[in-house]
Amino acid sequence: MTLRMKQNHSSLEWVQIFNITYDKGLNMMIRKFSAILLSMFLLLPMSVSAEMEIFKIGYVVVEKVLKQAPQTAASNKKLEKEFKSRTDELQKKVKAIQKQEKDFNKNGVTMSAADRQKAQKKIQNSKIEIQRIERELREDIDIRRREEIGKLQQKINEAIEEMAKTDKYDLILYQGVAYASKEIDITDKLIKVLGKTK
């Protein structure tokens, strides 16, 4: 009984200080509204969590795929075979020049000034020619390698699209990502898919 009197008294004092009409019905409505807002706020993380579970994300480390995909080894063998004759020819020319230099260093002392100058010029011209051949060979190999990488990237994109449809991924990323957890890393799975692709 004493407690109720104190509560009523404090309520009347509050009304008098702020000059507000104390309406019990309004107070009850405000309390109900506050309870609804609180419950909505508490349920919000659950709904967000549920949405996140539905949204499926995957991430692919492209560098790893380009190194470990079976197509990479196959294209390397293809390029090695394609440029083998030119590479072998270049190596023969390099060995020939090395022999010329060795002979010149051995016999240069006994040569006349004219013969020595002629031999030096021949070696120098041969070196310039080899540098040109090597540069052209490297450029041609780089062009073909880029072509093969382009083909592999096309196969990677096709494999990613296939995985996305089969495993119901909403989003698969492989570029411009600062961090991705191991849980969403599907790189090894993609490499296995590429292993089944010709």
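Given the structure is predicted, the values throughout are model-derived calculations rather than measurements.

**Re the nonpolar core**
Here is step 1 of the chain: The biggest cluster of nonpolar side chains holds 15 residues, and the ones touching the most others in it are Val60, Val65, Ile156, Leu190 and Leu194.
Here is step 2 of the chain: Within the residue set of this core, elements represented by two or more residues are α6 (113–166) and α7 (187–195).
Here is step 3 of the chain: Considering every element that reaches this core, the biggest residue donor is α6, with 5 residues.
Here is step 4 of the chain: Beyond its immediate sequence surroundings of up to four residues, Ile156 is in contact with Val65, Leu66, Leu190 and Leu194.
Here is step 5 of the chain: Within the second largest apolar cluster, 8 residues are counted, among which are Phe83, Ile130, Leu137 and Ile141.

**Concerning a nonpolar patch on the surface**
Here is step 1 of the chain: A cluster of nonpolar residues, Phe55, Leu171 and Leu173, forms a patch on the protein surface that exposes about 230 Å² of accessible area.
Here is step 2 of the chain: Structurally, the position occupied by Leu173 is in strand β2 (residues 171–173).
Here is step 3 of the chain: By relative accessible area, which is 32% here, Leu173 ends up partly exposed.

**Remarks on the pattern of salt bridges**
Here is step 1 of the chain: Following the criterion strictly, the structure yields 16 salt bridges and no others.
Here is step 2 of the chain: Across the pair Asp188 and Lys64 runs a salt bridge, and its minimum N-O distance is 2.8 Å. Taken as a pair, Asp188 in helix α7 and Lys64 in helix α3 (residues 62–68) lie far apart in primary sequence, 124 residues in all.
Here is step 3 of the chain: A residue is classified by how much of its surface remains accessible, and Asp188, at 44% relative accessible area, is partly exposed.
Here is step 4 of the chain: Take Lys64: its relative accessible area is 29%, and that puts it in the partly exposed class.
Here is step 5 of the chain: Residues Arg145 and Asp142 are paired through a salt bridge, measuring 3.6 Å at the closest nitrogen-oxygen approach. One end of the pair, Arg145, and the other, Asp142, are both in helix α6, 3 residues apart, so they sit about a helical turn from each other.
Here is step 6 of the chain: For Arg145, a relative accessible area of 36% corresponds to the partly exposed category.

**A short note on the packing of aromatic side chains**
Here is step 1 of the chain: For the structure on display, the rule yields 0 aromatic pairs.
Here is step 2 of the chain: If you follow Lys56 out to its NZ or CZ, it ends over the ring of Tyr169, 4.6 Å from the centre.

**Quick look at the confidence of the model for the chain**
Detailed reading of the predicted model is not advised wherever pLDDT is low.
Here is step 1 of the chain: The pLDDT averaged across the chain works out to 79; a share of 73% of its residues lies at or above 70.
Here is step 2 of the chain: Scored below 50 in pLDDT, residues 46–51 makes 0 contacts in the model with residues more than four places away or belonging to other chains.

**Describing the packing of α6 against α7**
Here is step 1 of the chain: The geometry of α6 relative to α7 is characterised by a closest axis approach of 10 Å and an angle of 110 degrees between their N-to-C directions. Viewed along their axes, α6 and α7 adopt a mutual orientation that is roughly perpendicular. Across from Lys155, Ile156, Ala159, Ile160, Glu162 and Met163 in α6, the residues of α7 making contact are Lys189, Leu190, Val193 and Leu194.
Here is step 2 of the chain: Across the contact of α6 with α7, the residue classes tally to 7 nonpolar, no polar and 3 charged.

Rules of the game
- Residues numbered from 1 in each chain as written.
- Predicted model: local features only at pLDDT ≥ 70, side-chain atom pairs only at ≥ 80, totals over all residues.
- Heavy atoms only, no water.
- Core = buried A, V, L, I, M, F, W, Y, C linked by side-chain atoms within 4.5 Å.
- Buried < 20%, exposed > 50% of the residue type's maximum accessible area, 1.4 Å probe, protein only.
- Helix = DSSP H or I, 4+ residues; strand = E, 2+ residues; numbered from the N terminus.
- Contact = heavy atoms within 4.5 Å.
- Patch = residues over 30% accessible without salt bridge, like charges linked within 9 Å, V, L, I, M, F, W, Y side chains within 5 Å.
- Areas by Shrake-Rupley, 256 points an atom, 1.4 Å probe, with all protein chains shown as cover.
- Salt bridge = Lys/Arg side-chain N within 4 Å of Asp/Glu carboxyl O.
- Phe/Tyr/Trp six-rings, centres within 6.5 Å; stacked < 30°, edge-to-face > 60°.
- Lys NZ or Arg CZ within 6 Å of the ring centre and 35° of its normal.
- pLDDT = per-residue confidence, 0-100.
- Axes fitted to C-alpha atoms, helices over the stretch in contact; angles between N-to-C directions.
- Parallel < 35°, antiparallel > 145°, perpendicular 65-115°, else oblique.
- Nonpolar A, V, L, I, M, F, W, Y, C, P; charged D, E, K, R; others polar.

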